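# A structural walkthrough
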Amino acid sequence: VYEVIRVYGGRAFLLPEHLDRLARSAGGIRLEVPMETGPLASAVEDLIARGRLDCGMVYLQLTRGRAPRNHVFPRARPTLLFYLRELPPPPPTGGEAVRLLSVADERWRNCWIKSIALLPNVLAKNRAVEAGCDEAVFIEEGRVSECSASNFFAVAKGTLITAPAGEKVLGGITRAAILEEARRLGVKVEERSPGEAEARAADELFIASTTREISHVVGWDGKPAGGGRCGPLTRRLHKSLRRRIESAQARRR
Ligand code: PDD
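Now for a description of the structure that goes with this document. Here, residues in each chain are numbered from 1, in the same order as that chain's written sequence. Restriction of local features to residues with pLDDT of at least 70 applies here, the model being predicted, together with a cutoff of 80 or more for giving and counting side-chain atom pairs; totals for whole chains, interfaces and linings are based on all residues. Side-chain metrics in this entry use all non-hydrogen atoms of the structure; hydrogen atoms and water are not considered.

Being near a molecule or strand, for a residue, means having at least one of its heavy atoms within 4 Å of it. Around the ligand, the structure places 19 residues, and the nearest of them are Y2, R21, E146, T174 and T210. For this analysis, a polar contact is any N or O atom pair within 3.5 Å, provided that within protein one partner can donate a hydrogen and the other can accept it, and provided that sequence-adjacent residues contribute only side-chain to side-chain pairs. Contact between the ligand and A149: a nitrogen atom at 3.4 Å from a main-chain N or O atom of the residue. With the chains in place, 89% of the 470 Å² that the ligand exposes on its own is no longer accessible. Put plainly, a pocket is an open set of points on a 1 Å grid over the protein atoms alone with protein on both sides within 12 Å along at least five of seven lines, a cavity is a set where a 1.4 Å probe fits but cannot get out, and a lining residue has an atom within 4 Å of a point. Each molecule is assigned to a cavity or pocket provided more than half of its atoms lie within 2 Å of the corresponding grid points. The site holding the ligand turns out to be the largest pocket. When grouped by side-chain class, the residues that make up the shell around the ligand number seven nonpolar, nine polar and three charged. Here the accessible surface of atoms and residues is derived via Shrake-Rupley with a 1.4 Å probe, and residues count as covered only by protein chains that are part of the display. Only Asp, Glu, Lys and Arg are considered charged, only Ala, Val, Leu, Ile, Met, Phe, Trp, Tyr, Cys and Pro nonpolar, and every remaining residue, Gly among them, polar.

Okay, structure coming up:
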């Protein structure tokens, strides 16, 4: 299992939330995180300080450890590793303009586990890129679940719609922060998988992840979508997320 954590101003953003999800993912595959949350959080922050990383990410990976190949869980010491990478900050309001390609959802029913077994996601993403798109959007039984490496949001008549985290959707940390911001702003939120036709006709579409923050969707399967621009609610939610990022930096300096 793994985590990708954003670093802004030399601090890990939403670190407790990421470490909670790591513990849930590990529990989902009957693996224990070999460190308590407090010391692990300190170790991550220490690495950021030692690496003098200002803006970037931490990649953290937990596996069962070194052992001869076997399907049976080994009696090995788990391997927990994390490293830093510099990343430029995403464009401020509305992020990147992205185009989606629909791909049938062939993944397992435990997508809430942030597992490094990402083959269907990788294949889907590559099909999207080969088609001149930026992200693959998974469709199952006419409903939109999420994208290959991001959560999917639609705005229809001022209501924010996104699929509930669970079998087919990762509980994105960015997704949760956006939903909190939306509720705080008094935006109506519906956690349900939007129908494909409904999503294609939505007033605004965007995707969200740790590395992207928010990217507004302008095209889908070669046709304009999400109004073909960054919509006003998308812009508002991104501004609100950015304020939260900035206040987290200021608080923790
Ligand atoms: N991807 N859904 C999937 C399938 C993802 O892989 C990701 C994140 C998300 C968004 O989750 P979060 O907001 O916690 O980043 C949703 C990361 C960034 C990656 O694999 O690089």
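Grid points are joined across faces, edges and corners, and a volume is the space filled by probe spheres set on the points. The volume enclosed by the largest pocket comes to roughly 960 Å³. Lining the largest pocket are 40 residues, and of these Y2, K114, L118, S148 and A149 lie nearest its centre. By definition, any uninterrupted DSSP run of H or I lasting at least four residues is a helix, any uninterrupted run of E lasting at least two residues is a strand, and each is numbered from the N terminus. When contributions to the lining of the largest pocket are tallied by element, the ones reaching two or more residues are β1 (2-8), β3 (56-63), β4 (79-86), α3 (119-130), β7 (143-147), α4 (173-184) and β11 (204-209). Its residues assigned to classes, the lining of the largest pocket comprises 20 nonpolar, eleven polar and nine charged. The volume enclosed by the second largest pocket comes to roughly 350 Å³. Along the walls of the second largest pocket sit 19 residues, with I29, T63, R64, F73 and I116 positioned nearest its centre. For the lining of the second largest pocket, the per-class residue count stands at twelve nonpolar, five polar and two charged.

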